[in-house]
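Descriptive structure summary
Each chain is listed here by its residues.
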Amino acid sequence: MSTPKSPFTKEQLLPQEEMIEVARKKGKLFIGIPKETHYQEKRVCLTPDAVAALTAHGHRVLLETNAGIGASFSDRDYSEAGAEITNDRTKVFGCPIILKVEPPSLEELEHINPQTVLISALQLKTQSKDYFQELAKKRITALGFEFIRDADGAYPAVRALSEIAGTAAVLIASELMNSVSTQGSGLMMGNISGVPPVEVVIVGAGTVGEFAARSAIGLGANVKIFDNSITKLRCIQTNIGRPLFTSTIQPKNLLKALRRCDVVIGAVRGKNRAPIIVTETMVERMKPGSVIIDVSIDMGGCFETSEITSHDHPTFQKHGVVHYCVPNIPSRYARTSSLSISNIFTPYLLQIGDEGGIENAVRFDRGLKNGLYFYHGILTSKPIADWFDLSYRDINLLIL
């Protein structure tokens, strides 16, 4: 009787040692938070509570003095939470991880060490080619938090700031209509018995439009929403949970609504620039003393009469209509905005620490990888490469 043949050798059939996966070693992060120097920027990336959570996990946070003062967080609040406070700005920019709200200026980039991890907004439309060349020269790894996706595929940072901008737009309009303001019509957003409600028109049914509608309805206003996407109009009615006046953007219907409204909020985004929806002729036919809040001004504005203003001088009048065209509305409510941004940053920073560094974190988190636009000085974002005519590499070929 022949012995059965085996495809394995005698050595392969011997008992082998079991190979156990080696757990990834947790990393200790050293995070630097410089004070924002961008014009009228008062927000800060981390609140004292967030700093306490990070330091409790063994991470270090170095904060420039008065970095949180614009958001009503004192140095003492941060110090008691475990942060280190310093007057030396260069020392803060020397940390391995830099956390900012606004992207660093070219002058600030000079203070950053090579191989640093930079986490901030990118604001592509305001950048120059020199900015990306400087990042490449210093071999910096950079994350733009407005491009980070969550598990549902949404952009949590963009949505959070859009929620604030939409709610703020209605509060600002209400403030501009009071009689104390020299330009105000004297109307109040409130469902007062026997008094017709204020008419609010919202152009754009995205996140800004949804939260503007929620706030206006909550204050008793009569709301009309215009958008060319039937899906967005359907979603906004579902999310708000009540029937609303919704319409596609047809000039006849829009003009009719604008002639009767007291407030119009523009919240339309475009690919490269916000489309002009409301022409100057339409603005001329609006009621004197009515208010325009152009939330889309950071992308050029969706009103033909819009001009960029600042928090110091936020309004101007044109054809008897008050225009509010400040591009950085969330910074007006710096503490709320800082809390919102901090809630987004903190879990990601803890995740980066648990994974042993930024490289392991982006390897296993697709949403975080989506926010990566520079990896060790190599541009990994095709939109940036196309915009500034730069060469780029696919991040999936660099991180396996």
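Residues numbered from 1 in each chain as written. Predicted model: local features only at pLDDT ≥ 70, side-chain atom pairs only at ≥ 80, totals over all residues. Heavy atoms only, no water.

Focus on the sheet that holds strand β7 (residues 199-203)
Put simply, the rule reads: Any two strands with at least two DSSP bridges between them are considered paired. In this description a helix means any DSSP run of H or I spanning at least four residues, a strand means any run of E spanning at least two, and both kinds are numbered starting from the N terminus. Every axis corresponds to a line fitted to the C-alpha atoms, with the helix fit spanning only the stretch in contact, and the corresponding angles, defined between N-to-C directions, vary from 0 to 180 degrees. It only takes one pair of heavy atoms within 4.5 Å for two residues to be counted as in contact.
What the seven strands build is an open sheet, ordered β9-β8-β7-β10-β11-β13-β12; its pairing is mixed. Every other strand in the sheet has two partners, leaving β9 (245-247) and β12 (315-318) as the edge strands with one partner each. Along the sheet, successive strands turn relative to each other by an average axial angle of 20°, direction set aside. Inspection of the sheet shows strand β11 (residues 291-294) paired to strand β13 (residues 321-324) by three bridges, in the parallel sense. Across the sheet, I293 pairs through a bridge with Y324, a residue of β13. Its contacts with the sheet place helix α10 (residues 251-260) against β7, β8 (222-226), β9 and β10 (263-266), and it is angled at close to 140° to β7.

Considering the packing of helix α2 (residues 48-56) against helix α12 (residues 334-355)
So the rule is basically this: Here the word oblique covers every angle except those under 35 degrees (roughly parallel), over 145 (roughly antiparallel) and from 65 to 115 (roughly perpendicular). Gly counts as polar in this scheme, as do all residues outside two lists: the nonpolar Ala, Val, Leu, Ile, Met, Phe, Trp, Tyr, Cys and Pro, and the charged Asp, Glu, Lys and Arg.
Between α2 and α12, the shortest axis-to-axis distance is 10 Å and the interhelical angle comes to 5°. Compared by their axis directions, α2 and α12 come out roughly parallel. When α2 is examined against α12, the residues A50, A53 and L54 are found in contact with a partner set consisting of S342, T346, L349 and L350. Taken together, the residues of the contact of α2 with α12 break down into five nonpolar, two polar and no charged.

Considerations on helix α9 (residues 230-240)
Each α-helix turn comprises 3.6 residues. Residues three or four places apart therefore point the same way. Rules: To sort residues, take the accessible area from a 1.4 Å probe on protein chains only and compare it with the maximum for the residue type: under 20% means buried, over 50% means exposed, and anything in between is partly exposed. Note: the arc covers the axis-to-C-beta directions of the helix.
Every buried residue of α9 is listed here: L233, I236 and I240. Taken down its axis, α9 places every buried residue within 65° of arc, on the same side. Exposed and oriented more than 90 degrees from the buried face of α9 are R234 and T238. Packed against the buried residues of α9 are α8 (207-218), β8 and β9. Where α9 ends, the next residue or the one after it, G241, has phi of about 80°, a positive value.

What about the pattern of salt bridges?
Oppositely charged side chains can form a pair if their charged atoms are brought close together. Stated precisely, the cut-off is as follows: The term salt bridge refers to a pairing of a side-chain nitrogen on Lys or Arg with a carboxyl oxygen on Asp or Glu at a separation within 4 Å.
By the definition in use, this model includes 16 salt bridges. Linking D298 and R269 is a salt bridge whose minimum nitrogen-to-oxygen distance equals 3.2 Å. Placement of D298 in the loop between β11 and β12 and of R269 in the loop between β10 and α11 (280-284) is noted, with a sequence separation of 29 residues between them. Note on D298: relative accessible area 41%, which makes it partly exposed. Linked through salt bridges whose partners overlap, the residues forming this network are E36, E64, R89, K100 and E108.

Side note on a positive patch on the surface
For the record, the criterion: Patch building starts from residues that exceed 30% relative accessible area and form no salt bridge, then joins like charges within 9 Å and nonpolar side chains (Val, Leu, Ile, Met, Phe, Trp, Tyr) within 5 Å. Method for areas: the Shrake-Rupley scheme with a 1.4 Å probe, in which residue coverage is limited to the protein chains shown. Charge counting treats Lys and Arg as positive and Asp and Glu as negative, with His and both chain ends excluded. In this description, the location of a charge corresponds to atom NZ of lysine, CZ of arginine, CG of aspartate or CD of glutamate.
A grouping of K252, K256, R259, R260 and R285 is seen on the molecular surface, where their side chains present a positively charged patch. Following the sequence through the fold, R259 ends up in helix α10.

Considering unusual backbone geometry
The backbone phi angle of R139 is positive, close to 55°, even though this residue is not glycine. Along the chain, R139 falls in the loop between α6 (129-137) and β6 (141-144). Positive phi, close to 50°, is recorded for H376, a residue that is not glycine. Tracing the chain through its elements places H376 in the loop between β14 (372-375) and β15 (378-379). Owing to a relative accessible area of 29%, H376 belongs among the partly exposed residues under this scheme.

Regarding the sheet that holds β14
Strand-to-strand pairing in sheets goes through backbone hydrogen bonds, with the strands running parallel or antiparallel. In space, the eight strands of this open sheet follow the order β3-β2-β1-β4-β5-β6-β14-β15, with mixed pairing throughout. Since the sheet does not close on itself, it has two edges, and those belong to β3 (84-86) and β15, each with one partner. In the sheet, strand β4 (residues 97-99) pairs with strand β5 (residues 117-120) via three bridges, with the strands oriented parallel. Looking at the pairing, L99 lines up with I119 of β5.

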